[in-house]
Every structure is written in structure tokens, then in C-alpha cells.
Amino acid sequence: MKITVVGSSNADMIIKVPRLPVAGETVMGGNFSVALGGKGANQAVAAARMGGNVTFIGRFGDDVFGKQALNGLKEDGINTDLTVIDSSVPTGIAEIMVDDEGRNIIAVAPGANQNLCENDIANAQKAILASDILLLQMEVPMQTVRFSAKLAFSNNIRVILNPAPAHPLDDELLGYISVLTPNKLEAETLTGISITDERSVELAGRILLERGLMRVIITLGEKGSMVIDNGGAEHVPAFRIKSIDTTAASDVFNGALAVALSEGKNFYESVRFANAAAAISATRLGAQPSIPGRDEVMEMLRKNP
Ligand code: RIB
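So, a few notes on the structure that sits alongside this text. (Residues numbered from 1 in each chain as written. Predicted model: local features only at pLDDT ≥ 70, side-chain atom pairs only at ≥ 80, totals over all residues. Heavy atoms only, no water.)

## Quick notes on the overall build of the chain
Filter applied, for reference: Secondary structure elements are taken from DSSP: a helix is a run of H or I of four residues or more, a strand is a run of E of two residues or more, and numbering for both begins at the N terminus. For the radius of gyration, the atoms used are the C-alpha atoms, and the globule rule reads 2.2 Å times the number of residues raised to 0.38. Buried residues are those whose accessible area, probed at 1.4 Å on protein chains only, stays under 20% of the maximum for their type, while exposed residues exceed 50% and partly exposed ones sit between those limits. By the convention used here, residues are in contact when the closest approach between their heavy atoms is within 4.5 Å. Under the convention used here, Asp and Glu are negative, Lys and Arg are positive, and both His and the chain ends fall outside the count. Every charge is mapped onto a representative atom, which is NZ of Lys, CZ of Arg, CG of Asp or CD of Glu.
For the chain, the helix and strand inventory stands at eleven helices and 14 strands. In terms of C-alpha radius of gyration, the chain reaches 18 Å, essentially the compact-globule figure of 19 Å for 305 residues. Burial analysis of the chain (305 residues in total) assigns 53% to the buried set. When contacts within the chain are restricted to residue pairs at least 6 apart in sequence, those whose partners lie at least 24 apart make up 67%. The distance from the centre of the 27 positive side-chain charges to the centre of the 35 negative ones in the chain is 4 Å.

Here you go:
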């Protein structure tokens with residue numbers, strides 16, 4: 001099944017820390033590592049490892065990190081013919097701290113990601129229109145996200161938007177989206193609702209549906225995910241794991257979700273599949289290094305019927 005991902009690619013600079021520092025504080029950490037990351041590239045890799053036929057559209061700097069990122073995508077069998085090497089800026093960099101409970105804080109220097117433009121998308125129009133699903137996030141300029149979503153929507157291609165990092169969205173853009181996949185924080189930013197329990201999750205989902213969306217899946221970490229559409233709200237439980245690093249768990253969820261939906265699985269089954277893939281990724285350090293293959297996900301589903 002064909003998935004096109006328009007989005008970011010970063011080199012992730014990771015420091016393990018016993019606990020996340022507060023403003024003005026220095027915390028002595030443990031190991032430092034560098035891993036391939038970026039929400040867009042992570043989603044593309046997840047979709048490819050789940051068995052999708054994936055095309056990635058993004059920009060890289062003409063530097064060592066850009067070369068490594070591009071090679072990584074190619075090794076996963078992802079079509080990178082429509083990516084752009086931009087020698088005017090460096091490849092995106094993310095600084096990530098991960099604590100002993102697997103929680104993180106992330107700051108991104110977007111570099112080449114912020115130059116991904118409408119022209120890049122227009123050049124990739126043929127691939128987008130040949131896709132079953134277009135997968136988007138928000139680490140590239142919002143006008144590029146909007147242009148991509150509108151192009152796909154106008155040609156009856158389903159669009160999944162993962163609204164990360166959190167950012168308010170207007171109704172026009174929401175109208176192009178088939179499935180919106182905010183996490184708790186992003187759903188709060190989009191709706192102004194404070195999410196504390198199942199009722200408030202559903203309320204946030206309903207507010208988004210009223211703004212023109214067809215379906216919302218709110219991801220809730222260890223509490224699973226909630227699918228909300230005009231037919232009702234359905235909770236899909238999480239898998240129990242020992243969390244080492246939750247970086248990219250949402251990205252893995254989105255990549256796996258896109259593949260499952262493109263294969264014609266129903267929403268419950270697709271979200272269960274995506275929850276399993278995300279859970280496995282949270283048991284390992286790093287973004288792309290943590291992404292499981294499809295066999296592992298199927299095994300997790302078999303063991304937890
Ligand atoms: O979602 C995780 C990703 O966010 C990391 O890989 C980092 O690059 C940032 O983009």
C-alpha cells in the first residue's frame with residue numbers, strides 16, 4: 001500500500017539523564033548518543049517497517065547528518081527521489097533528554113526542514129496523487145502542510161495529520177483531514193480543554209469534530225488511545241511495557257496507523273496495531289533505532305489477544 005510522508009528529518013542528539021532538569025538547572029547525565037530522527041522521517045521509517053510502500057518528501061542539508069539521514073531512509077527501502085538537498089542550511093537537529101522513566105524533553109533547530117516549500121510538494125504531485133494515504137506532521141512550514149493537505153484532499157487521497165509539535169489549527173486545514181492524531185497535550189492546545197479523564201478526552205474530540213473533522217484519534221500514552229467520530233467514542237487499550245524512551249512513540253503510532261488503514265483494517269484494529277508498534281518502540285532508546293519490524297508487532301498482538 002502506498003504511503004507518502006511529507007515532513008522533517010533530524011539528527012537527534014540524545015543525553016540520558018536521571019531526571020529532566022528545570023529551567024536554570026544543570027543535571028549530570030549518562031551516555032550521549034546520536035540517532036536518526038525527525039517526526040516525518042520517523043513516521044516514514046515506521047510505515048516502511050510495517051510493510052508500506054513509502055515515499056518521503058523532505059529537505060536535508062548538504063552535510064554529514066543529511067547524508068546519514070538519507071542513507072537510513074534508503075536502507076529501509078523508502079523512495080527518496082523527491083527529497084531535496086539544500087546547501088544553504090544545515091540538516092535539522094534535535095536536542096533530546098530522556099529520563100529514567102523514559103520521558104523526554106526536546107528542542108529542535110529545524111534547519112533544512114523549514115525550507116520545505118510548496119514548490120517541493122508541487123514537484124512531488126504525481127507521487128502524492130498515486131498514494132493511498134498522505135501522512136503529515138508539523139515540523140515543516142504550516143503553509144507547506146496546508147498545501148499538501150489541500151492537494152491530497154482535492155484529489156480524494158486520505159490525509160492523516162499528526163498535529164505535532166502542538167500548534168493551533170484553523171478550520172480550513174481541519175476540513176482537509178481524514179484523521180487527526182493529537183496526543184493529550186496537542187488535543188488540549190487545539191481545544192482549550194483540560195484533559196483529565198475519559199469524558200474530557202471525548203469532549204475534546206467532539207469539539208474537533210464540530211470544526212469539520214471526520215475522525216480524531218487522541219493518543220494517551222500508557223492509557224491507550226481514543227477513537228472519536230460521529231458514530232461515537234471507542235477506547236483502544238495500551239500494551240503494558242517497561243518504558244525506556246518514549247521519543248518517537250507517536251511517530252511510530254502514525255506510521256503504523258497509516259499502513260493498517262491503507263490495508264483496509266477497521267479503525268479499532270488499526271489503532272490496536274499502531275498501539276502495539278508504538279509500545280515496542282518505547283522499550284528502546286532512540287527514534288529510528290527503536291522502530292520495530294512488522295513481525296515483532298504481529299507477535300505482540302498474538303501474545304496479547
Ligand atoms: O517525535 C520525536 C522526534 O521529534 C525526534 O526524533 C526529534 O527529531 C523531534 O523531531
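## Describing the pairing of strand 8 (residues 104–109)
Selection rule: Strands are labelled as partners when DSSP assigns at least two bridges between them.
Across six bridges, strand 7 (residues 92–98) lies against strand 8 in antiparallel orientation. If you follow isoleucine 93 over to strand 8, its bridge partner there is alanine 109. The loop that links strand 7 with its antiparallel partner strand 8 comprises five residues; one of these, glycine 102, has a positive phi angle of about 90°.

## Structural notes on the packing of helix 10 (residues 267–281) against helix 11 (residues 294–303)
What counts is decided by this rule: For helices, the fitted line uses only the C-alpha atoms of the stretch in contact; every axis is such a line through C-alpha atoms, and the angle between N-to-C directions lies from 0 to 180 degrees. The labels follow the angle: roughly parallel below 35 degrees, roughly antiparallel above 145, roughly perpendicular from 65 to 115, and oblique for the rest. Classes in brief: Ala, Val, Leu, Ile, Met, Phe, Trp, Tyr, Cys and Pro nonpolar; Asp, Glu, Lys and Arg charged; the others, Gly included, polar.
Where helix 10 contacts helix 11, the two axes come as close as 9 Å, and the packing angle between them is 110°. With respect to each other, helix 10 and helix 11 are oriented roughly perpendicular. Residues Arg272, Phe273, Ala276, Ala277, Ala279 and Ile280 of helix 10 lie in contact with helix 11, whose contacting residues are Arg294, Glu296, Val297, Met298, Met300 and Leu301. Partitioned by chemical class, the residues of the contact of helix 10 with helix 11 number nine nonpolar, no polar and three charged.

## Things to note about the layout of surface pockets
Going by this rule: We place a 1 Å grid over just the protein atoms. Points where a 1.4 Å probe fits but has no way out form a cavity, open points with protein on both sides within 12 Å along at least 5 of 7 lines form a pocket, and any residue with an atom within 4 Å of a point lines it. Grid points are joined across faces, edges and corners, and a volume is the space filled by probe spheres set on the points.
The space that makes up the largest pocket amounts to roughly 1600 Å³. In this structure, the largest pocket is lined by 50 residues; those nearest its centre are Asn183, Leu220, Gly221, Thr246 and Ser250. Mapped onto the lining of the largest pocket, the elements with two or more residues apiece are strand 2 (10–16), helix 1 (39–49), strand 7, strand 8, helix 7 (184–191), helix 8 (198–210), helix 9 (249–262) and helix 10. For the lining of the largest pocket, the element with the highest residue contribution is helix 9, accounting for four residues. Of the residues in the lining of the largest pocket, the class split is 21 nonpolar, 16 polar and 13 charged.

## Quick word on the pattern of salt bridges
For clarity, the cut-off: We count a salt bridge whenever a side-chain nitrogen from Lys or Arg sits within 4 Å of a carboxyl oxygen from Asp or Glu.
Summed over all chains, the structure comprises 18 salt bridges. Among the salt bridges present, the one from arginine 59 reaches aspartate 86, with a minimum N-O distance of 2.9 Å. You can see arginine 59 sitting in strand 5 (residues 59–61) and its partner aspartate 86 sitting in strand 6 (residues 84–86), a full 27 residues away along the chain. According to the relative accessible area criterion, aspartate 86 is buried, its value standing at 7%. Of the charged contacts in the structure, one is a salt bridge between arginine 146 and aspartate 170, with a shortest N-O distance of 2.4 Å. Placement of the pair is arginine 146 in helix 5 (residues 142–154) and aspartate 170 in the loop between strand 10 (158–161) and helix 6 (171–174), with a sequence separation of 24 residues. Given a relative accessible area of 24%, arginine 146 falls into the partly exposed group.

## Here's the deal with the site of the ligand
Rules: Any residue with a non-hydrogen atom lying within 4 Å of a molecule or strand is treated as near it. For the purposes of these results, a polar contact is taken to be a pair of N or O atoms within 3.5 Å, where, inside protein, one atom must be able to donate a hydrogen and its partner to accept one; residues adjacent in sequence count only when each atom of the pair is a side-chain atom. If over half the atoms of a molecule are within 2 Å of the grid points of a cavity or pocket, the molecule is regarded as sitting in it.
Around the ligand, a shell composed of 13 residues is seen, among which Asp12, Gly38, Lys39, Glu139 and Asp251 lie nearest. Measuring from an oxygen atom of the ligand, one finds a backbone N or O atom of glycine 38 at 2.9 Å. Within the contact set of the ligand, an oxygen atom lies 2.7 Å away from a side-chain nitrogen or oxygen of aspartate 251. Its atoms largely coinciding with the cavity grid, the ligand occupies the largest pocket. Elements supplying a minimum of two residues to the shell around the ligand: strand 2 and helix 1. Tallied by class, the residues present in the shell around the ligand amount to four nonpolar, five polar and four charged.

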